[in-house]
Amino acid sequence: MNNHKWIMASLVLVLAISGCSKDTEDGKDKKTKAKKDKPVAVLVAPISRGSIGDARRFSGSLEASSSFVVAAQVSGRLKNLHVDIGDSIEPGQLMGELDDAEFQQQFKQANAELAVARASVAEAKAAADVAKVEFKRAQSLRKQKIASQSEWDQAKAESQVKNARVDVTRAQLAQRQAALTATEVRLGYSRIEAQWSGAETSMVVGQRYADEGDLLNTHSPILSLVAMGSLKAVFQITEEDYPRIALGQTATLMLDAYPGQTFTAAVTRLSPVLDPQSRQAQVEVSLENPDGLLSPGMFVRISVELNNATDAQLVPVTALVNHENSTGLYLISDADSDSSATVHYVEVITGIRNDKQVQIVKPEVSGSVVTLGQHLLKDGARVQIQQSSTSPAQ
């Protein structure tokens, strides 16, 4: 009897536990289903049409459009230096002088030697004229059979020797003239003048490499001159972007020295070859510098628009999602008055992209797209559209 009661009590307890377990599982299923059916809070943005450009940014350095180093062309002591760093230089301006005492002496000596050579030519010419007269006389006497054959031969040889002497002295005269010209050129090299062949009307002294009193050798640097009226920025472009850049394209320059200020330039040089190691090509953009704000050596950021499109379908960059090896958008559809809607995933082909927007080439789309919260979505999901000032997390 007692055993029977104990068995009945055990059955009742088992049934009670089973009932509780079932109620617990049913509750969990209902909560899970409710959680799955709850709309995902998202931010959206409208699909628009407009213009978009593919601007690429590069970095480089400013360089002078024209610059060169003024060096000593002869050896000597730097006697005077009339200019310094920052001075503006005009063509032909005297910038410095070397000690020219030795060159002056060489010039005087060459002048004297030239005078001697001229006198030698005159003397040789006079002797040749006398020999010519003697030869004609001997020739006349020979015809009259008064002079012997040997006398005629001797007069002829003497005339030829005197004529040859004239040629020699004339060659020596030319040699002395060349020597005088050389000493005159060296004397001119003692004056350090600004000379260039470009279109620049003036240049600026960029660096000074020597001081007054320094003993200079041939080709020793003295000054550097740079043209500040126009500058160029040099940068490298990759193989991918190389086909889309061309001469004449507009570039925008930004410098750390002038934050918030931009400068307009144009592509003026494009290397026809790419470096086989880096697969990059050198590009130069030129810009005017009338106010002298810019200086060679400044770091510069260059923006060049390589492509553009008008009347393009545009969506925010944040609307793009990668889904199963494809790029697409979540379009809003079936929107209700209470800001609840359904999303539909559309695979797209993109075009030009910038920091904020991207062009949708295909397909044609309209309406609004999800810009935040896509990682919680799938095709056909219900969403709760939030205002831009409200976070989905809130």
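Computed from a predicted model, the values in this text were never measured in an experiment.

Conventions used here
Residues numbered from 1 in each chain as written. Predicted model: local features only at pLDDT ≥ 70, side-chain atom pairs only at ≥ 80, totals over all residues. Heavy atoms only, no water. Helix = DSSP H or I, 4+ residues; strand = E, 2+ residues; numbered from the N terminus. Contact = heavy atoms within 4.5 Å. Areas by Shrake-Rupley, 256 points an atom, 1.4 Å probe, with all protein chains shown as cover. Phe/Tyr/Trp six-rings, centres within 6.5 Å; stacked < 30°, edge-to-face > 60°. Buried < 20%, exposed > 50% of the residue type's maximum accessible area, 1.4 Å probe, protein only. Pairing = 2+ DSSP bridges. Salt bridge = Lys/Arg side-chain N within 4 Å of Asp/Glu carboxyl O. pLDDT = per-residue confidence, 0-100.

Caption draft 1: Spotlight on the overall build of the protein chain. Across its full length, the protein chain holds three helices and 22 strands. Intrachain contacts of the protein chain at a sequence separation of at least 6 include 74% that bridge at least 24 residues. Of the accessible surface of the protein chain, which amounts to about 24400 Å², a share of 50% is contributed by carbon and sulfur atoms.

Caption draft 2: View of the packing of aromatic side chains. Summed over the entire model, instances satisfying the criterion amount to three aromatic pairs. Seen from their ring centres, F58 and F235 are 4.8 Å apart, and the 25° between their planes marks the pair as stacked. On the criterion of sequence distance, the pair formed by F58 in strand 2 (residues 48-64) and F235 in strand 11 (residues 230-238) is long-range, its members being 177 residues apart. Here the two residues F58 and F235 agree in accessibility, since each one is buried. Geometrically, the ring pair formed by Y258 and F263 is edge-to-face, given 6.1 Å between the ring centres and 70° between the ring planes. Among the residues examined, Y258 registers a relative accessible area of 22% and is labelled partly exposed.

Caption draft 3: A look at the sheet that holds strand 5 (residues 88-89). Across the sheet, which stays open at both edges, the four strands sit in the order 3-10-8-5 with antiparallel pairing between neighbours. Whereas interior strands pair on both sides, the edge strands pair on one side only; in this sheet they are strand 3 (67-71) and strand 5. Pairing analysis gives five bridges linking strand 3 to strand 10 (residues 221-226), with the strands arranged antiparallel. Of the residues in strand 10, the one forming a bridge with V70 is L223.

Caption draft 4: Local environment of the sheet that holds strand 9 (residues 215-216). Here four strands make up an open sheet; going across it, the order is 7-6-4-9 and the pairing antiparallel. The open sheet has two edge strands, strand 7 (191-193) and strand 9, and neither has a second partner. Bridge count for strand 4 (residues 76-81) against strand 9 is two bridges, and the pairing is antiparallel. The residue bridging G76 from the neighbouring strand is L216, located in strand 9.

Caption draft 5: Broad picture of the environment of I360. Topologically, I360 is positioned in strand 20 (residues 357-362). By relative accessible area, which is 2% here, I360 ends up buried. For I360 and I349, which are eleven residues apart along the polypeptide, the C-alpha to C-alpha distance reads 6.0 Å. Setting aside chain neighbours within four positions, we find I360 in contact with Q313, V315, L320, L329, V348, I349, T350 and V365.

Caption draft 6: Spatial organisation of the pattern of salt bridges. If you walk through the whole model with that rule in mind, you get eleven salt bridges. The closest approach of N and O atoms between R49 and E364, which form a salt bridge, is 3.6 Å. Taken together, the residues R49 in strand 2 and E364 in the loop between strand 20 and strand 21 (368-372) connect sequence positions 315 residues apart. The exposure class assigned to R49 is partly exposed, which follows from its relative accessible area of 48%. The shortest N-O distance in the salt bridge between R208 and D84 comes to 2.6 Å. Of this pair, R208 sits in strand 8 (residues 203-208) while D84 sits in the loop between strand 4 and strand 5, and the two are 124 residues apart along the sequence. Residue classification places R208 among the partly exposed residues on the basis of a relative accessible area of 33%.

Caption draft 7: Spotlight on the confidence of the model for the protein chain. The pLDDT averaged across the protein chain works out to 82; a share of 87% of its residues lies at or above 70. Segment residues 11-17 is flagged for pLDDT under 50; beyond a separation of four residues in sequence, or across chains, it makes zero contacts in the model. Note on residues 30-34: pLDDT is under 50 here. Beyond four places in sequence and across chains, it has zero contacts.

Caption draft 8: Geometry of unusual backbone geometry. Residue P363 is bonded to the preceding K362 through a cis peptide linkage, with omega at -10°. Along the chain, the position of P363 falls in the loop between strand 20 and strand 21. Positive phi, close to 75°, is recorded for H219, a residue that is not glycine. Topologically, H219 is positioned in the loop between strand 9 and strand 10. Note on H219: relative accessible area 64%, which makes it exposed. A positive phi is found at R279, a non-glycine position, where the angle reads about 60°. The class of R279 is partly exposed, set by a relative accessible area of 48%.

Caption draft 9: Highlighting the side chain of E97. Its place among the elements puts E97 in strand 6 (residues 94-98). What E97 contacts, discounting residues up to four positions off in sequence, is R77, L78, K79, N80, H82, S190, R191 and I192.

Caption draft 10: Geometry of the side chain of E284. Mapped onto the fold, E284 is located in strand 14 (residues 280-288). On the basis of relative accessibility, which here comes to 15%, the residue E284 falls in the buried class. Sequence-distant contacts of E284, defined by excluding residues within four places in its chain, comprise K232, A233, V234, A266, V267, T268 and R269.

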